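Topology and contacts: notes
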Amino acid sequence: MWRLLARTLLAGPVAGPPAPTDQETVHSLGGRLNAAMQPGLGRSLAILHVDGGSCGGCEIELRAVRRAVYDLQRFGVSFVSTPRHADVLLVTGPVTRNLVEALEQAHAATPDPKFVVAVGDCAVDGGVFKGSYAVTGGVGATLPVDLLIGGCPPTPDRILAGLRALLEANARREATVSSR
Ligand code: SF4
């Protein structure tokens, strides 16, 4: 046992260095996200994350979006813990059958205008769980979805770019409505 302990202590960390992040891209995506938030939503965006039976991989990337490197909060994006404070329901996982009712209730409790975003291949169409009797096969089977962000799991850059595209589309729609 002592030999194993010594080997483990001397071996050093197993994890490799983090992938390099292009801060310029993150900053420009964040700036455009911030600009796109104004119409209809004010200067901030509140996201409620709903785990619909994920393996946990998508959550690790979502955590990265909130932590030091990406730090979405500096662009006015915050994660909230109740649907009553949310603008966006961000769903991960293939939506297991026993979570359908909870997801519907969260959607009903979220005030308008609201967006539903499916993050990860599982949330898009069931992903690796597709065909299982235990899942509905993606968020679209339960709720109207405004944005699909694929990937298993999607990178933080991809999540950020998806949110920006959604808000920019909303900003264009608001501008069209208000100019009528
Ligand atoms: S998309 Fe991949 S990482 Fe995300 S919940 Fe499904 S299996 Fe896990």
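The following paragraphs examine the structure supplied in this document. Note that the structure is a prediction, hence the values are computed from the model and not measured.

Let us now look at the pairing of strand β1 (residues 45-51). Across a regular strand the side chains alternate sides, sitting on one face of the sheet and then on the other. In terms of residue burial, β1 counts as a mostly covered element, since five of its seven residues are buried. The sheet contact formed by β1 and strand β2 (residues 77-80) spans four bridges and is parallel. Paired with Leu48 across the two strands is Val80, which belongs to β2. Taken together, β1, helix α4 (residues 57-66) and β2 constitute a β-α-β crossover, and its handedness is right-handed. Examined bridge by bridge, β1 and strand β3 (residues 88-92) share five bridges and lie parallel to one another. When the bridges of β3 are listed, Leu48 appears paired with Leu89.

Right, let's get into the pattern of salt bridges. This model, assessed by the stated rule, comprises two salt bridges. Salt-bridge contacts for Lys114 lead to Asp112; the nearest nitrogen and oxygen are separated by 3.8 Å.

The next point concerns the nonpolar core. Ranked by size, the top nonpolar core spans 20 residues in total, and within it Ile47, Leu72, Val88 and Val117 carry the most contacts. Secondary-structure elements contributing two or more residues to this core are β1, α4, β3, β4 (115-119), β5 (147-149) and α7 (156-178). A per-element tally of this core places α7 first, with five residues. Counting residues in hydrophobic clusters, the runner-up holds 14 residues, among them Val100, Val116, Ala118 and Val139.

With that settled, consider the sheet that holds β2. Overall, parallel pairing links the five strands, which are arranged β2-β1-β3-β4-β5 in an open sheet. In this open sheet, the two strands that pair with only one neighbour each are β2 and β5. Taking the axes of each pair of neighbouring strands and ignoring which way they run, one obtains an average angle of 25 degrees across the sheet. Strand contacts of α4: β1, β2, β3 and β4, with the helix running at about 140 degrees to β3, the strand carrying the most contacts.

A word on the packing of aromatic side chains. Evaluation of the coordinates by the stated rule reveals zero aromatic pairs. Cation over ring: Arg66 sits above Phe79, and NZ or CZ is 4.5 Å from the ring centre.

Right, let's talk about unusual backbone geometry for a bit. In this structure, Pro113 follows Asp112 across a cis peptide bond, with omega equal to -5 degrees. Within the secondary structure layout, Pro113 lies in the loop between α5 (100-109) and β4. Following Cys152, the chain continues to Pro153 via a peptide bond in cis, the omega torsion being -10 degrees. Mapped onto the elements of the fold, Pro153 is located in the loop between β5 and α7. With a phi angle near 45 degrees, Asp71 is a residue other than glycine that sits in the positive phi range. Mapped onto the elements, Asp71 comes out in the loop between α4 and β2. In this structure, Val95 is a non-glycine residue whose phi angle is positive, near 60 degrees. Within the fold, Val95 resides in the loop between β3 and α5.

Calculation notes
Residues numbered from 1 in each chain as written. Predicted model: local features only at pLDDT ≥ 70, side-chain atom pairs only at ≥ 80, totals over all residues. Heavy atoms only, no water. Buried < 20%, exposed > 50% of the residue type's maximum accessible area, 1.4 Å probe, protein only. Helix = DSSP H or I, 4+ residues; strand = E, 2+ residues; numbered from the N terminus. Pairing = 2+ DSSP bridges. Right-handed = clockwise from strand over helix to strand, strands pointing away. Salt bridge = Lys/Arg side-chain N within 4 Å of Asp/Glu carboxyl O. Core = buried A, V, L, I, M, F, W, Y, C linked by side-chain atoms within 4.5 Å. Axes fitted to C-alpha atoms, helices over the stretch in contact; angles between N-to-C directions. Contact = heavy atoms within 4.5 Å. Phe/Tyr/Trp six-rings, centres within 6.5 Å; stacked < 30°, edge-to-face > 60°. Lys NZ or Arg CZ within 6 Å of the ring centre and 35° of its normal.

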